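Structural overview
The lines below spell out each chain.
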Amino acid sequence: IDRPDATEARINQTLGELAKEGLNPVEWGGETEVVRTSATKGTGIDQLLEILDLQGQMLDLKADFGGPARGSVVESRREEGRGPVANVIVQDGQLGIGDFIVIGRAFGKVRDLVDDRGQRHKKVGPATVVQISGFDELPNAGDKFYIVDSLKEAQEAAEQRRMRERDAQLAQPKVTLDS
């Protein structure tokens, strides 16, 4: 609802477009929750959190707290003294210092886990966002990560991904002045 053209008519038009795609809003008798939220004013955030909590309870959504971690990269960058670092969200399992990680086309051993408050952790579980370091290359936002048993296994998986990306890049047609 932050858009300048977010009038009630425009919102209803958007709800209609959702309904056309099979996502019928609850307020129209459907099953799709729609919460009007504003990132600039902060309105609707409490309602959004309540709906997410209710849906999680009703659908009995649970994360897997056991086993090796897997998740996604939110963002990454290089930091002086630490090398490549990535903010990741753990979706399943336990991520710990010393784990061997494949993160997109990068691999390595998790050197540290730092949360958004700057606190260091030895292990973190699902639904946790942490900053990690200890891998050889900068991953892209959206890359998936997972934990393997050895550094050699991590290196082999990363090399396979690099080769796949290289093959896909070489298969792209060359752009010439004629084309």
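Structural data are supplied above this passage.
Since the model is a prediction, treat every value here as computed from it, not as a measurement.

The rules we used
Residues numbered from 1 in each chain as written. Predicted model: local features only at pLDDT ≥ 70, side-chain atom pairs only at ≥ 80, totals over all residues. Heavy atoms only, no water. Core = buried A, V, L, I, M, F, W, Y, C linked by side-chain atoms within 4.5 Å. Buried < 20%, exposed > 50% of the residue type's maximum accessible area, 1.4 Å probe, protein only. Contact = heavy atoms within 4.5 Å. Helix = DSSP H or I, 4+ residues; strand = E, 2+ residues; numbered from the N terminus. Expected span 1.5 Å × (residues − 1). Arc of directions from axis to C-beta. Salt bridge = Lys/Arg side-chain N within 4 Å of Asp/Glu carboxyl O. Pairing = 2+ DSSP bridges. 1 Å grid on protein atoms, 1.4 Å probe; cavity = no way out; pocket = protein on both sides within 12 Å on 5 of 7 lines; lining within 4 Å. Points joined across faces, edges and corners; volume = space filled by probe spheres on them. Nonpolar A, V, L, I, M, F, W, Y, C, P; charged D, E, K, R; others polar.

**What about the nonpolar core?**
- With 17 residues, the main nonpolar core has V88, L95, I103, I132 and F145 as its most contacted residues.
- Apart from residues lying up to four places away in sequence, I132 is in contact with R82, P84, V85, A86, V88, L95, I101, I103, V110, D112 and L113.
- Of all hydrophobic cores here, the second largest spans 6 residues; its members include F107, V148, A154 and A157.

**What to know about helix α3 (residues 151-171)**
- An ideal rise of 1.5 Å per residue puts 30 Å on 21 residues; α3 measures up with 30 Å between its terminal C-alpha atoms.
- By the burial criterion, the buried members of α3 are A154, A157, A158 and R162. Buried positions in α3, seen along its axis, are confined to an arc of 135 degrees and lie on one side of it. In this structure, α3 carries K152, Q160, R164, L170 and A171 as exposed residues pointing more than 90 degrees from its buried face.

**Focus on helix α2 (residues 45-58)**
- Helix length check: α2, at 14 residues, gives a terminal C-alpha distance of 20 Å against a target of 20 Å (1.5 Å per residue), a fit within 8%.
- In the stretch just after α2, D60 is the one whose phi turns positive, near 55 degrees.

**Looking at the pattern of salt bridges**
- Enumeration over the complete set of coordinates arrives at 15 salt bridges.
- For E8, the salt bridge is made with R36, and the minimal N-O distance between the two is 3.7 Å. With E8 in helix α1 (residues 8-20) and R36 in the loop between α1 and α2, this residue pair connects regions lying 28 residues apart in the sequence.
- With a closest N to O distance of 3.0 Å, E79 and R77 form a salt bridge.

**What about the pairing of strand β5 (residues 106-114)?**
- Within β5, 7 of the 9 residues are buried, which leaves the element mostly enclosed by the surrounding structure.
- Both strand β4 (residues 100-103) and β5 contribute to a ladder of 4 bridges, which runs antiparallel. Looking at β5, one finds that I103 is bridged to A106.
- Between the end of β4 and the start of β5, which pair antiparallel, lie 2 residues, with G104 showing a positive phi angle near 70 degrees.
- As paired elements, β5 and strand β8 (residues 128-135) share 4 bridges and run antiparallel to each other. Counted as the bridge partner of L113 is I132 from β8.
- Sheet topology note: the β5/strand β6 (residues 120-121) ladder contains 2 bridges and is antiparallel. Pairing of V114 across the sheet is with R120, part of β6.

**Description of the layout of surface pockets**
- By volume, the largest pocket amounts to about 260 Å³.
- If you go around the largest pocket, you meet 14 residues; those closest to its centre are I1, A6, R10, I11 and T14.
- Along the lines of polarity and charge, the residues of the lining of the largest pocket split into 7 nonpolar, 2 polar and 5 charged.

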